[in-house]
There are 2 protein chains.
Amino acid sequence: MSEHQRATPETIGSDRIAVDAMGGDFAPEAVVQGALLAASRDGIPTLLVGDEEAIHAANDSLVDHPLISVRHASEVVAMGAEPASSVRRMKDSSIVRAAEAVRDGDAIALLSAGNTGAAMAASLLRIGRIKGVTRPTIAVPFPILGSTTRCSLVDAGANPDATPEMLVQFAQLGAVYTRSRYGVARPRVAILTIGEEAGKGNALVKEAVKLFEDGDWALSCGADYVGNMEGNDLMSGAADVLVCDGFTGNVVLKSLEGAMEIALDAIRAALVSTPDAVATAPVLDPILTPLFNILNPKLIGAAMLCGTREVSVISHGSSNADTIANAIRTTSELANSTVVQDFRDVFSK
Amino acid sequence: MSEHQRATPETIGSDRIAVDAMGGDFAPEAVVQGALLAASRDGIPTLLVGDEEAIHAANDSLVDHPLISVRHASEVVAMGAEPASSVRRMKDSSIVRAAEAVRDGDAIALLSAGNTGAAMAASLLRIGRIKGVTRPTIAVPFPILGSTTRCSLVDAGANPDATPEMLVQFAQLGAVYTRSRYGVARPRVAILTIGEEAGKGNALVKEAVKLFEDGDWALSCGADYVGNMEGNDLMSGAADVLVCDGFTGNVVLKSLEGAMEIALDAIRAALVSTPDAVATAPVLDPILTPLFNILNPKLIGAAMLCGTREVSVISHGSSNADTIANAIRTTSELANSTVVQDFRDVFSK
């Protein structure tokens, strides 16, 4: 059964999101359930790309679904596979076909919870970079408790070996993203390093500081440069954008995910470790559960690849249906915002 | 009043710890109180080095204390000061004088909660490196819940720009430290990177992997090389030593400290946010407080500078009296262990 037989007028050429149905630890089931939830809860149309049989096996109700289409792709780039060569070689993989759908105007944005490197490579090769952007970068928004805004960590993993010039572009992309996504009029941008004094850092940061101290880049993207910050400012609210190379950013992201997961699991276990503790649940669950959800970095759910010609979003590999549904909503919101045009405006100057 | 007038036979030439009394956010008060606690609780003698007047002003009972001596130093290297030049210039600073006490055999080990770079520089310049060690490295032990052992992150900040060869030495030093300190017979050593596959990482890691795959270094220090790991394995128990450059390690350390502090503060606040929640305290405090203490990275308290000719330990800048007392005990335990000789044995091969 092909998409063309099943597509309805509502979905063709509409503002649907191309979703790599085979991407993620619980694909395709979690992706399919997430798409159904996004459709029923938020009315967002999706194009699920992947193994047609497996996708339909995950849920019967996809057939003739008014908001969900399925497009077959015969290959899957595995989570651990080498990204660039896999994407070049596996032309009928779900991530490549999903990116092509965006390139061809069949969908307005791309979402994948699969191999991050493959999602990046497919986005770069099929959707392409915005003119002037040397390397797209991944922005991961960290929660600021008591605030509706977030602190964006850029680069959270796209470019393990960055140059000082790239860090400046990450700052610009991160500032535009943060303004567009969180309404921060003048994002405060800091370099993530190992001491707040200007002389602290590694060779990359020391070189970058010289470029950052030249205000032209900040002017071009409406940011305020606030100097060096350390990792403890990632969630303190002292900055809106923290800039680093993709190696550092990804290690920090994974370290925080791991530590926070271990901490929250241990606290949850402690709260049911005695009958008296269990008895506190009716009082404490309504207070603690929302807090735990904010603190769990895995629930961030969606990180934007900033700098491609259309919106491309990467969701966590461990995404469940809820996380996928939230990521679909985020992707849709980004695709319906001016963020890509805002990127273009900065880099066309 | 000088040390020589006050020193008792018990303290001269004994196994006392030289403590930079002016180091840390709450110095000298917290350091003095910590030394008093270490003396009364653990019977550990200390030599407090710093502004004599300020040290005595912090506590009257230091005069004629049987286990605590005071040595005057007129200068203080500020927390934010450039380390190497400060140490070279400020020859009568507390950290330099404390390191000299160790060099001269007046104390068996050095402890500072002050400027980390200055503590390192003073240790290098006054105490010196073990022959064969290119660059000493900082090992920070992270808690593994449910285990008495720890996972040592090396380098946690000593060498922001490391070479592949340095990473191999960090692995050796970290393995010896972990065996000596936590009784791990064959420490499992992994490279901290951004993907578990061998090809993942930045240029430094990719070069280092080639050296790590040659088993000679592991044999020399009795370690098992277990490949690449990501940040989420820092507290998972999958490795005993995680190796990275000092920039990455320090950013990770500070990020975890910040996130964990914010998370634990928020959870503590939630637990007293309503009268009903407050009422759960008698049940939950005894369960949660010890867990919160384990999870708080600031309470790690003491990180060893591995590779110097005598034991040198760095405590957190925010150390309070308890943390200082614990750090004094850790320093004393390390100084009375075979760890430095074990380092020498590996690097003399």
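Residues numbered from 1 in each chain as written. Chains lettered and ligands numbered in written order. Predicted model: local features only at pLDDT ≥ 70, side-chain atom pairs only at ≥ 80, totals over all residues.

A few points about the overall build of chain A
At step 1: Within chain A one finds 14 helices and 11 strands.
At step 2: Scaling as 2.2 N^0.38, a compact globule of 349 residues should have a C-alpha radius of gyration of about 20 Å, and chain A matches this with 21 Å.
At step 3: Reported as C-alpha extents along the three principal axes, the dimensions of chain A are approximately 60 × 60 × 35 Å.
At step 4: Taking all 349 residues of chain A together, 59% fall into the buried category. (Helix = DSSP H or I, 4+ residues; strand = E, 2+ residues; numbered from the N terminus. Rg over C-alpha atoms; globule rule 2.2 N^0.38 Å. Buried ≥ 20, exposed ≤ 12 C-beta atoms within 10 Å, placed from the backbone.)

Concerning helix α14 (residues 339–347) of chain B
At step 1: Within α14(B), the full set of buried residues consists of B:V339, B:V340, B:F343, B:V346 and B:F347. Taken around the axis of α14(B), the buried residues stretch over an arc of 120°, which confines them to a single face. (Arc of directions from axis to C-beta.)

Re the relation of the copies chain A and chain B
At step 1: When chain A is fitted onto chain B, the two copies agree to an RMSD of 0.0 Å after a turn of 180° and an axial shift of 0.0 Å. Interpreted geometrically, this transformation is the action of a two-fold axis. (Least-squares fit on C-alpha atoms with pLDDT ≥ 70 in both.)

Focus: helix α8 (residues 203–212) of chain A
All names here are of chain A.
At step 1: Turning to α8, its buried residues number three or more, namely L204, V205, A208, V209 and F212. Down the axis of α8, the smallest arc covering the buried residues is 135°, so these residues share one side. Looking at α8, the residues exposed on the side facing more than 90 degrees away from the buried face are A203 and K210.
At step 2: Looking at the packing, one finds that the buried side of α8 touches α7 (164–182), β7 (188–192) and β8 (224–229). (Contact = placed C-beta atoms within 7 Å.)

Comments concerning the packing of helix α5 (residues 94–103) of chain A against helix α6 (residues 116–127) of chain A
Residue and element names in this part refer to chain A.
At step 1: Packing of α5 against α6 leaves a shortest axis separation of 9 Å and a crossing angle of 35°. In the crossing of α5 with α6, the sense of the turn from one axis to the other is right-handed. Of the residues in α6, those in contact with I95, V96, A99, E100, V102 and R103 of α5 are A118, A119, A122, S123, R126 and I127.
At step 2: Across the contact of α5 with α6, the residue classes break down as eight nonpolar, one polar and three charged. (Axes fitted to C-alpha atoms, helices over the stretch in contact; angles between N-to-C directions. Left-handed = near helix turned anticlockwise from the far one by under 90°. Nonpolar A, V, L, I, M, F, W, Y, C, P; charged D, E, K, R; others polar.)

Comments concerning the sheet that holds strand β8 (residues 224–229) of chain B
All names here are of chain B.
At step 1: Across the sheet, 11 strands lie side by side as β3-β2-β1-β4-β11-β10-β5-β6-β9-β7-β8; this open sheet has mixed pairing. Of all strands in the sheet, those with a lone pairing partner are β3 (68–72) and β8, marking the two edges. Each adjacent strand pair in this sheet contributes to an overall mean axis angle of 25°, direction not counted.
At step 2: The sheet contact formed by strand β5 (residues 137–143) and strand β10 (residues 302–306) spans three bridges and is antiparallel. (Pairing = 2+ DSSP bridges.)

What to know about the interface of chain A and chain B
At step 1: At the interface, 48 residues of chain A touch 48 residues of chain B.
At step 2: Those elements that place two or more of their residues in the side of chain A that touches chain B are α10 (246–270), α11 (275–278) and α12 (281–295) of chain A.
At step 3: Take the side of chain A that touches chain B: its biggest share by element is 17 residues, from α10(A).

Description of unusual backbone geometry
Residue and element names in this part refer to chain A.
At step 1: Going from V154 to D155, the amide bond is cis rather than trans, its omega being 10°.
At step 2: Mapped onto the elements of the fold, D155 is located in the loop between β6 (150–154) and α7.
At step 3: Positive phi, normally seen in glycine, also occurs at D64, with a value near 60°.
At step 4: Position of D64 relative to the elements: it lies in the loop between α3 (52–58) and β3 (68–72).

A closer look at the pairing of strand β2 (residues 46–50) of chain A
Residues and elements named next belong to chain A.
At step 1: Along β2, five of the five residues are buried, which leaves the element largely enclosed by surrounding structure.
At step 2: Here β2 shows two buried faces, one formed by T46, L48 and G50 and the other by L47 and V49.
At step 3: The pairing of strand β1 (residues 17–20) with β2 spans four bridges and is parallel. Among the inter-strand pairings, A18 is bridged to a residue of β2, identified as L47.
At step 4: Handedness of the crossover is the feature at issue here: the chain leaves β1, passes through helix α2 (residues 29–42), returns alongside β2, and the resulting connection is right-handed.
At step 5: Pairing of β2 with β3 involves five bridges; the strand directions are parallel. Following the sheet pairing, G50 is matched in β3 by H72.
At step 6: Following the backbone out of β2, through α3 and into the adjacent parallel β3, one traces a crossover that is right-handed. (Right-handed = clockwise from strand over helix to strand, strands pointing away.)

What about the domain arrangement of chain A?
Residues and elements named next belong to chain A.
At step 1: Each domain of chain A was delimited in the assignment, giving domain 1 (1–129 + 307–337) and domain 2 (134–302).
At step 2: On a C-alpha basis, the centroid separation for the pair domain 1 and domain 2 is 26 Å.
At step 3: Tallying contributions element by element places helix α13 (residues 321–335) first for the side of domain 1 that touches domain 2, with five residues.
At step 4: Here the residues of the side of domain 1 that touches domain 2 sort into five nonpolar, 12 polar and one charged. (Domains from an automatic or database assignment.)

Describing the sheet that holds β6(A)
All names here are of chain A.
At step 1: Within the open sheet, the 11 strands sit side by side as β3-β2-β1-β4-β11-β10-β5-β6-β9-β7-β8. Their pairing is mixed. The two strands at the open ends of the sheet, each matched to only one other strand, are β3 and β8. Going from strand to strand, the sheet's axes swing by 25° on average, the running direction of each strand aside.
At step 2: The sheet strands contacting α6 are β4 (109–112), β10 (302–306) and β11 (311–315), and the helix crosses β11 at an angle near 170°.

Some words on the pairing of strand β6 (residues 150–154) of chain B
All names here are of chain B.
At step 1: For β6, the buried fraction is high: five of the five residues fall into the buried class.
At step 2: Burial along β6 is two-sided: R150, S152 and V154 facing one way and C151 and L153 facing the other are all buried.
At step 3: In sequence, β5 turns back onto β6 through a hairpin of six residues, with G146 there showing a positive phi of about 80°.
At step 4: The sheet contact formed by β6 and strand β9 (residues 241–243) spans three bridges and is parallel. Bridge pairing links V154 to V243 in β9.

A word on the confidence of the model for chain A
All names here are of chain A.
At step 1: When the pLDDT values of chain A are averaged, the result is 92; 94% of them are 70 or greater.
At step 2: In this model residues 1–13 is a low-confidence stretch, pLDDT under 50, and it forms 19 contacts with partners more than four residues away in sequence or in other chains.
At step 3: Predicted complex metrics record ipTM = 0.92 and pTM = 0.93. (pLDDT = per-residue confidence, 0-100.)

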